[in-house]
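Understanding the architecture of this molecule
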Amino acid sequence: MTALPEEVEAWIGQRKYEQWGAFEVERGYIFTSCSSVQNGNPIFWDEKVAEEITGGPIAPPSMISVWFRPHYWSPGLSEEALALQLHFDLKAILGLPEAVMSDNTITFYEPVRVGDRLKTTQILRSVSEPKTTKLGTGRFWVLEVEVENQDGKLCAIESYTGFGYQKGNA
Amino acid sequence: MSAGNIEFDEVEVGQALPQLAIEVTPSTVVLGALASRDWRPMHHDKDFAQDRNGTRHIFINTPHNAAYFERYITDWTGPRGRLGRIQFKMRDSVFPGDTMDFSGKVEAKSVDAAGCGWVELAIELRVGEKITTACRARVAVPTAPEDNPWQRGGEAWKPAV
(Lines give C-alpha, C1' and ligand atoms only; values in the text may rest on other atoms or scores of the structure.)
Protein backbone atom coordinates (compact mmCIF):
# COMPACT_ATOMS: atom_id res chain seq x y z
CA MET A 1 0.00 0.00 0.00
CA THR A 2 2.95 2.38 -0.46
CA ALA A 3 2.75 3.45 -4.12
CA LEU A 4 -0.15 5.65 -5.11
CA PRO A 5 -1.92 4.25 -8.19
CA GLU A 6 -1.25 6.31 -11.35
CA GLU A 7 -4.97 6.80 -11.84
CA VAL A 8 -5.21 8.51 -8.46
CA GLU A 9 -2.13 10.66 -9.20
CA ALA A 10 -3.93 11.82 -12.35
CA TRP A 11 -7.02 12.85 -10.40
CA ILE A 12 -5.09 15.40 -8.34
CA GLY A 13 -6.13 18.88 -9.49
CA GLN A 14 -8.72 17.53 -11.93
CA ARG A 15 -12.24 19.02 -11.80
CA LYS A 16 -14.67 16.13 -11.43
CA TYR A 17 -18.36 15.50 -10.81
CA GLU A 18 -19.73 18.88 -11.87
CA GLN A 19 -23.29 18.50 -10.62
CA TRP A 20 -26.38 20.61 -10.01
CA GLY A 21 -28.23 20.19 -6.72
CA ALA A 22 -31.35 18.04 -6.93
CA PHE A 23 -33.62 20.86 -5.75
CA GLU A 24 -33.72 24.58 -5.06
CA VAL A 25 -32.66 26.02 -1.74
CA GLU A 26 -35.80 25.97 0.39
CA ARG A 27 -36.92 27.15 3.79
CA GLY A 28 -38.06 23.79 5.16
CA TYR A 29 -34.52 22.52 5.41
CA ILE A 30 -33.34 25.89 6.71
CA PHE A 31 -35.81 25.69 9.59
CA THR A 32 -34.91 22.04 10.26
CA SER A 33 -31.21 22.84 10.33
CA CYS A 34 -31.69 25.83 12.64
CA SER A 35 -33.89 23.68 14.88
CA SER A 36 -31.26 20.95 15.04
CA VAL A 37 -28.80 23.34 16.74
CA GLN A 38 -31.32 25.76 18.26
CA ASN A 39 -30.07 28.62 16.11
CA GLY A 40 -32.43 31.52 16.76
CA ASN A 41 -30.72 34.01 14.44
CA PRO A 42 -33.68 36.14 13.25
CA ILE A 43 -32.35 36.43 9.69
CA PHE A 44 -33.47 32.80 9.25
CA TRP A 45 -36.80 33.06 11.08
CA ASP A 46 -38.13 36.59 10.56
CA GLU A 47 -38.77 37.75 6.99
CA LYS A 48 -38.74 41.43 7.98
CA VAL A 49 -35.32 41.10 9.62
CA ALA A 50 -34.05 39.06 6.65
CA GLU A 51 -35.23 41.78 4.25
CA GLU A 52 -33.57 44.49 6.29
CA ILE A 53 -30.22 42.77 6.89
CA THR A 54 -29.66 40.26 4.07
CA GLY A 55 -32.00 41.60 1.37
CA GLY A 56 -34.36 38.62 1.74
CA PRO A 57 -34.23 35.10 3.11
CA ILE A 58 -30.92 33.30 2.98
CA ALA A 59 -29.66 29.92 4.18
CA PRO A 60 -27.22 29.59 7.09
CA PRO A 61 -23.76 29.57 5.51
CA SER A 62 -22.84 26.34 7.33
CA MET A 63 -25.62 24.56 5.39
CA ILE A 64 -23.64 24.80 2.17
CA SER A 65 -23.15 21.05 1.78
CA VAL A 66 -26.83 20.30 2.37
CA TRP A 67 -27.87 21.57 -1.06
CA PHE A 68 -25.82 19.09 -3.05
CA ARG A 69 -26.38 15.94 -1.05
CA PRO A 70 -28.38 13.48 -3.17
CA HIS A 71 -31.69 11.95 -2.19
CA TYR A 72 -31.38 8.65 -0.35
CA TRP A 73 -33.71 7.19 -2.96
CA SER A 74 -35.44 8.53 -6.04
CA PRO A 75 -37.31 6.85 -8.92
CA GLY A 76 -35.00 4.93 -11.22
CA LEU A 77 -32.12 4.89 -8.76
CA SER A 78 -30.91 1.32 -8.22
CA GLU A 79 -28.41 2.03 -5.47
CA GLU A 80 -27.77 4.71 -2.88
CA ALA A 81 -26.40 7.90 -4.42
CA LEU A 82 -23.43 9.30 -2.53
CA ALA A 83 -22.43 12.85 -1.73
CA LEU A 84 -18.73 13.53 -2.28
CA GLN A 85 -18.42 10.72 -4.80
CA LEU A 86 -14.70 11.37 -5.13
CA HIS A 87 -14.24 10.40 -1.47
CA PHE A 88 -15.90 7.04 -2.15
CA ASP A 89 -13.96 6.59 -5.39
CA LEU A 90 -10.75 6.94 -3.35
CA LYS A 91 -11.91 4.41 -0.76
CA ALA A 92 -12.67 1.92 -3.53
CA ILE A 93 -9.55 2.35 -5.65
CA LEU A 94 -7.22 2.40 -2.62
CA GLY A 95 -8.92 -0.61 -1.00
CA LEU A 96 -9.75 1.31 2.18
CA PRO A 97 -13.22 0.22 3.28
CA GLU A 98 -13.69 2.64 6.17
CA ALA A 99 -13.29 6.39 6.29
CA VAL A 100 -13.85 9.39 8.52
CA MET A 101 -13.57 13.13 7.92
CA SER A 102 -11.18 15.00 10.21
CA ASP A 103 -10.74 18.61 9.00
CA ASN A 104 -13.25 20.90 7.36
CA THR A 105 -12.67 24.44 6.08
CA ILE A 106 -15.41 26.50 4.45
CA THR A 107 -14.89 29.92 2.92
CA PHE A 108 -18.12 31.81 2.24
CA TYR A 109 -18.66 34.20 -0.64
CA GLU A 110 -22.06 35.07 -2.20
CA PRO A 111 -24.88 34.28 0.28
CA VAL A 112 -27.07 31.32 -0.64
CA ARG A 113 -30.63 32.54 -1.12
CA VAL A 114 -33.96 30.75 -0.98
CA GLY A 115 -34.75 29.63 -4.54
CA ASP A 116 -31.10 29.33 -5.61
CA ARG A 117 -29.96 26.27 -7.55
CA LEU A 118 -26.37 25.35 -6.76
CA LYS A 119 -23.71 23.66 -8.84
CA THR A 120 -20.76 21.84 -7.30
CA THR A 121 -17.43 20.61 -8.59
CA GLN A 122 -15.17 18.19 -6.70
CA ILE A 123 -11.39 18.47 -6.83
CA LEU A 124 -8.82 16.14 -5.25
CA ARG A 125 -5.97 18.25 -3.86
CA SER A 126 -3.69 15.66 -2.24
CA VAL A 127 -3.29 12.09 -0.97
CA SER A 128 -0.82 11.25 1.82
CA GLU A 129 1.63 8.43 2.20
CA PRO A 130 0.25 5.53 4.25
CA LYS A 131 -0.30 6.47 7.91
CA THR A 132 -1.33 4.55 10.99
CA THR A 133 -3.72 6.09 13.51
CA LYS A 134 -5.74 4.65 16.40
CA LEU A 135 -8.45 3.76 13.84
CA GLY A 136 -6.21 1.73 11.55
CA THR A 137 -3.81 2.09 8.66
CA GLY A 138 -4.70 4.10 5.58
CA ARG A 139 -4.22 7.44 3.85
CA PHE A 140 -5.36 11.02 4.37
CA TRP A 141 -6.74 12.96 1.42
CA VAL A 142 -7.87 16.53 0.87
CA LEU A 143 -10.90 17.21 -1.30
CA GLU A 144 -12.32 20.57 -2.31
CA VAL A 145 -15.86 21.33 -3.34
CA GLU A 146 -16.54 24.56 -5.19
CA VAL A 147 -20.11 25.79 -5.03
CA GLU A 148 -21.61 28.26 -7.52
CA ASN A 149 -25.14 29.55 -7.88
CA GLN A 150 -27.27 29.65 -11.03
CA ASP A 151 -25.69 33.01 -12.00
CA GLY A 152 -22.19 31.55 -11.93
CA LYS A 153 -21.30 33.40 -8.72
CA LEU A 154 -19.01 31.58 -6.31
CA CYS A 155 -20.89 30.87 -3.05
CA ALA A 156 -18.33 28.78 -1.16
CA ILE A 157 -15.25 26.65 -1.29
CA GLU A 158 -15.36 23.72 1.07
CA SER A 159 -12.26 21.67 1.87
CA TYR A 160 -12.39 18.29 3.58
CA THR A 161 -9.64 16.09 4.96
CA GLY A 162 -10.67 12.43 4.93
CA PHE A 163 -8.89 9.42 6.36
CA GLY A 164 -9.59 6.13 4.57
CA TYR A 165 -8.40 3.09 6.49
CA GLN A 166 -8.47 -0.61 7.18
CA LYS A 167 -9.39 -1.50 10.72
CA GLY A 168 -7.37 -3.78 12.93
CA ASN A 169 -3.85 -3.18 11.70
CA ALA A 170 -3.12 -0.16 13.84
CA MET B 1 -26.67 33.23 25.53
CA SER B 2 -28.91 35.69 23.75
CA ALA B 3 -28.25 37.22 20.34
CA GLY B 4 -26.02 40.24 20.57
CA ASN B 5 -25.36 43.12 18.22
CA ILE B 6 -21.60 43.37 18.45
CA GLU B 7 -19.82 46.22 16.71
CA PHE B 8 -16.15 46.18 15.80
CA ASP B 9 -15.10 48.84 18.33
CA GLU B 10 -16.64 46.85 21.18
CA VAL B 11 -14.50 43.79 20.42
CA GLU B 12 -11.23 43.34 22.30
CA VAL B 13 -8.44 40.89 21.55
CA GLY B 14 -8.41 38.26 24.27
CA GLN B 15 -12.11 38.75 25.00
CA ALA B 16 -13.94 35.54 25.92
CA LEU B 17 -17.18 34.52 24.27
CA PRO B 18 -20.00 33.32 26.53
CA GLN B 19 -19.89 29.57 27.08
CA LEU B 20 -22.53 27.24 25.76
CA ALA B 21 -23.37 23.70 26.95
CA ILE B 22 -25.40 21.18 24.92
CA GLU B 23 -26.49 17.78 26.18
CA VAL B 24 -26.24 15.24 23.35
CA THR B 25 -28.87 12.54 22.94
CA PRO B 26 -29.39 10.04 20.09
CA SER B 27 -32.07 12.45 18.81
CA THR B 28 -29.51 15.27 18.69
CA VAL B 29 -27.24 13.18 16.45
CA VAL B 30 -30.00 11.84 14.20
CA LEU B 31 -31.76 15.20 13.85
CA GLY B 32 -28.51 16.86 12.81
CA ALA B 33 -27.69 14.12 10.31
CA LEU B 34 -31.12 14.26 8.69
CA ALA B 35 -31.22 18.08 8.73
CA SER B 36 -27.96 18.00 6.75
CA ARG B 37 -29.23 15.22 4.44
CA ASP B 38 -26.49 12.87 5.61
CA TRP B 39 -27.91 9.37 5.34
CA ARG B 40 -24.71 7.50 6.25
CA PRO B 41 -25.56 4.85 8.86
CA MET B 42 -22.86 5.73 11.39
CA HIS B 43 -24.99 8.78 12.24
CA HIS B 44 -28.19 6.86 12.97
CA ASP B 45 -27.37 3.12 13.32
CA LYS B 46 -25.51 2.23 16.53
CA ASP B 47 -24.68 -1.34 15.40
CA PHE B 48 -23.14 -0.03 12.18
CA ALA B 49 -21.14 2.63 14.04
CA GLN B 50 -19.77 0.04 16.46
CA ASP B 51 -19.12 -2.78 13.98
CA ARG B 52 -17.87 -0.79 10.99
CA ASN B 53 -16.43 2.40 12.45
CA GLY B 54 -15.25 0.93 15.72
CA THR B 55 -16.85 3.77 17.68
CA ARG B 56 -18.86 3.33 20.85
CA HIS B 57 -22.06 4.88 19.47
CA ILE B 58 -23.47 6.93 16.59
CA PHE B 59 -21.71 10.29 16.39
CA ILE B 60 -22.32 13.87 15.27
CA ASN B 61 -21.57 14.45 11.59
CA THR B 62 -19.42 17.17 10.03
CA PRO B 63 -22.14 19.58 8.80
CA HIS B 64 -23.92 19.37 12.14
CA ASN B 65 -20.65 20.30 13.82
CA ALA B 66 -20.39 23.29 11.47
CA ALA B 67 -23.96 24.33 12.24
CA TYR B 68 -23.22 24.34 15.98
CA PHE B 69 -20.15 26.52 15.44
CA GLU B 70 -22.15 28.94 13.30
CA ARG B 71 -24.84 29.15 15.97
CA TYR B 72 -22.23 29.70 18.69
CA ILE B 73 -20.56 32.51 16.75
CA THR B 74 -23.69 34.36 15.67
CA ASP B 75 -25.28 34.03 19.11
CA TRP B 76 -22.41 36.31 20.09
CA THR B 77 -22.23 38.65 17.09
CA GLY B 78 -25.94 38.99 16.47
CA PRO B 79 -27.59 38.85 13.05
CA ARG B 80 -25.32 41.39 11.34
CA GLY B 81 -22.28 39.19 11.99
CA ARG B 82 -21.35 37.42 8.76
CA LEU B 83 -19.16 34.34 8.63
CA GLY B 84 -16.25 34.59 6.23
CA ARG B 85 -14.45 31.37 6.98
CA ILE B 86 -14.75 28.52 9.39
CA GLN B 87 -12.09 25.88 9.86
CA PHE B 88 -12.31 22.99 12.24
CA LYS B 89 -10.44 19.87 13.11
CA MET B 90 -12.32 16.97 14.62
CA ARG B 91 -9.96 15.19 17.01
CA ASP B 92 -12.59 12.92 18.44
CA SER B 93 -16.25 12.17 17.91
CA VAL B 94 -19.18 13.38 19.98
CA PHE B 95 -21.61 10.70 21.14
CA PRO B 96 -25.00 10.50 22.84
CA GLY B 97 -24.55 10.98 26.59
CA ASP B 98 -21.79 13.57 26.06
CA THR B 99 -22.13 17.21 27.03
CA MET B 100 -20.65 19.57 24.46
CA ASP B 101 -19.07 22.64 26.06
CA PHE B 102 -18.30 25.48 23.66
CA SER B 103 -15.90 28.24 24.60
CA GLY B 104 -14.09 30.80 22.52
CA LYS B 105 -11.97 33.91 22.51
CA VAL B 106 -11.02 36.73 20.19
CA GLU B 107 -7.55 36.11 18.77
CA ALA B 108 -7.25 39.15 16.50
CA LYS B 109 -9.19 41.94 14.84
CA SER B 110 -8.50 44.05 11.77
CA VAL B 111 -10.10 46.28 9.17
CA ASP B 112 -9.30 45.40 5.57
CA ALA B 113 -8.71 47.74 2.62
CA ALA B 114 -12.42 47.74 1.81
CA GLY B 115 -13.29 48.82 5.35
CA CYS B 116 -14.65 45.47 6.44
CA GLY B 117 -14.14 44.72 10.15
CA TRP B 118 -12.86 41.20 10.74
CA VAL B 119 -12.66 39.28 14.00
CA GLU B 120 -10.62 36.08 14.26
CA LEU B 121 -11.94 33.59 16.79
CA ALA B 122 -10.45 30.48 18.38
CA ILE B 123 -13.18 28.17 19.59
CA GLU B 124 -12.99 24.88 21.45
CA LEU B 125 -15.60 22.20 21.69
CA ARG B 126 -14.89 20.06 24.75
CA VAL B 127 -16.42 16.93 26.12
CA GLY B 128 -15.25 16.70 29.72
CA GLU B 129 -11.58 17.61 29.72
CA LYS B 130 -11.01 16.58 26.12
CA ILE B 131 -11.07 19.01 23.19
CA THR B 132 -13.01 17.06 20.56
CA THR B 133 -13.04 19.82 17.95
CA ALA B 134 -10.85 22.89 17.59
CA CYS B 135 -12.25 25.65 15.41
CA ARG B 136 -10.95 28.87 13.97
CA ALA B 137 -13.39 31.32 12.49
CA ARG B 138 -13.20 34.63 10.66
CA VAL B 139 -16.33 36.70 11.05
CA ALA B 140 -17.17 40.18 9.82
CA VAL B 141 -18.94 42.53 12.21
CA PRO B 142 -20.20 46.08 11.58
CA THR B 143 -17.64 48.85 11.97
CA ALA B 144 -20.40 51.45 12.51
CA PRO B 145 -24.18 51.46 13.05
CA GLU B 146 -24.74 52.01 9.31
CA ASP B 147 -22.28 49.27 8.23
CA ASN B 148 -23.76 45.93 7.25
CA PRO B 149 -21.29 43.16 6.28
CA TRP B 150 -24.09 41.32 4.45
CA GLN B 151 -24.22 44.11 1.88
CA ARG B 152 -20.63 43.50 0.88
CA GLY B 153 -19.73 41.66 -2.30
CA GLY B 154 -17.03 41.45 -4.95
CA GLU B 155 -13.88 43.34 -3.97
CA ALA B 156 -15.54 44.53 -0.74
CA TRP B 157 -15.87 40.95 0.58
CA LYS B 158 -12.58 39.14 1.17
CA PRO B 159 -13.23 36.16 3.44
CA ALA B 160 -10.02 34.34 2.57
CA VAL B 161 -6.72 35.46 4.06
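Below you will find a few notes about this structure. (Residues numbered from 1 in each chain as written. Chains lettered and ligands numbered in written order. Predicted model: local features only at pLDDT ≥ 70, side-chain atom pairs only at ≥ 80, totals over all residues. Heavy atoms only, no water.)

1. Quick notes on the overall build of chain A
Helix and strand content of chain A: 5 helices and 6 strands. If you list the helices and strands of chain A from N to C, you get α-β-α-α-α-α-β-β-β-β-β. A principal-axis box enclosing the C-alpha atoms of chain A has dimensions of 60 × 30 × 30 Å. Within chain A, buried positions represent 52% of all 170 residues. Accessible surface, chain A: about 7,700 Å² in total, of which carbon and sulfur atoms supply 50%. The distance from the centre of the 15 positive side-chain charges to the centre of the 23 negative ones in chain A is 4 Å. (Helix = DSSP H or I, 4+ residues; strand = E, 2+ residues; numbered from the N terminus. Buried < 20%, exposed > 50% of the residue type's maximum accessible area, 1.4 Å probe, protein only. Areas by Shrake-Rupley, 256 points an atom, 1.4 Å probe, with all protein chains shown as cover. Lys, Arg positive; Asp, Glu negative; His and termini not counted. Charge placed at Lys NZ, Arg CZ, Asp CG, Glu CD.)

2. As for the interface of chain A and chain B
Taken together, the contact between chain A and chain B spans 49 residues of the former and 41 residues of the latter. A buried area of about 3,800 Å², summed over both sides, lies between chain A and chain B, and 52% of it is on carbon and sulfur atoms. Seen at the junction of chain A and chain B, the total is 4 salt bridges. The shortest N-O distance in the salt bridge between B:Asp92 and A:Lys134 comes to 3.9 Å. At the boundary of chain A and chain B, one finds 21 residue pairs in polar contact (both at pLDDT 80 or more). Those elements that provide at least two residues to the side of chain A that touches chain B are α2 (27–37), α3 (42–45), α4 (47–54), α5 (85–94), β2 (98–108) and β6 (154–167) of chain A. (Contact = heavy atoms within 4.5 Å. Buried area = accessible area lost by both parts, 1.4 Å probe. Salt bridge = Lys/Arg side-chain N within 4 Å of Asp/Glu carboxyl O. Polar contact = N/O pair within 3.5 Å; in protein donor to acceptor, adjacent residues only side chain to side chain.)

3. So, the side chain of A:Glu144
Mapped onto the secondary structure, A:Glu144 falls in strand β5 (residues 136–148). Contact partners of A:Glu144, with chain neighbours within four places excluded, come to A:Thr121, A:Gln122, A:Ile123, A:Arg125, A:Ile157, A:Glu158 and A:Ser159.

4. What about the packing of α2(A) against helix α1 (residues 26–35) of chain B?
Taken N-terminus to C-terminus, the directions of α2(A) and α1(B) make an angle of 155 degrees; their axes are 9 Å apart at the nearest point. With respect to their mutual orientation, α2(A) and α1(B) come out roughly antiparallel. Both α2(A) and α1(B) take part in a crossing whose hand is left-handed. Where α2(A) abuts α1(B), its residues A:Tyr29, A:Thr32, A:Ser33, A:Ser35 and A:Ser36 lie against B:Leu31, B:Gly32, B:Leu34 and B:Ala35. When grouped by side-chain class, the residues that make up the contact of α2(A) with α1(B) number 4 nonpolar, 5 polar and no charged. (Axes fitted to C-alpha atoms, helices over the stretch in contact; angles between N-to-C directions. Parallel < 35°, antiparallel > 145°, perpendicular 65-115°, else oblique. Left-handed = near helix turned anticlockwise from the far one by under 90°. Nonpolar A, V, L, I, M, F, W, Y, C, P; charged D, E, K, R; others polar.)

5. Concerning the pattern of salt bridges
All names here are of chain A. Under the criterion given, the structure shown has 19 salt bridges over all chains. As a salt-bridge pair, Glu144 and Arg125 come within 3.2 Å of each other at their nearest N and O atoms. Placement of the pair is Glu144 in strand β5 and Arg125 in strand β3 (residues 119–127), with a sequence separation of 19 residues. Overall, Glu144 belongs to the buried group, its relative accessible area being 17%. A relative accessible area of 38% means that Arg125 is categorised as partly exposed.

6. Digging into the pairing of strand β5 (residues 130–141) of chain B
All names here are of chain B. Most of β5 sits out of view: 9 of its 12 residues are buried. Where strand β2 (residues 82–90) meets β5, 8 bridges bridge the pair, whose relative direction is antiparallel. Residue pairing across strands places Lys89 opposite Ala134, the latter belonging to β5. As paired strands, strand β4 (residues 117–127) and β5 are joined by 11 bridges and run antiparallel to one another. Paired with Gly117 across the bridge in β5 is Val141. Between β4 and β5, which pair antiparallel and follow one another directly, the connecting turn spans 2 residues, one of which, Gly128, has a positive phi of 65 degrees. (Pairing = 2+ DSSP bridges.)

All we've got here are geometric facts, nothing functional implied.
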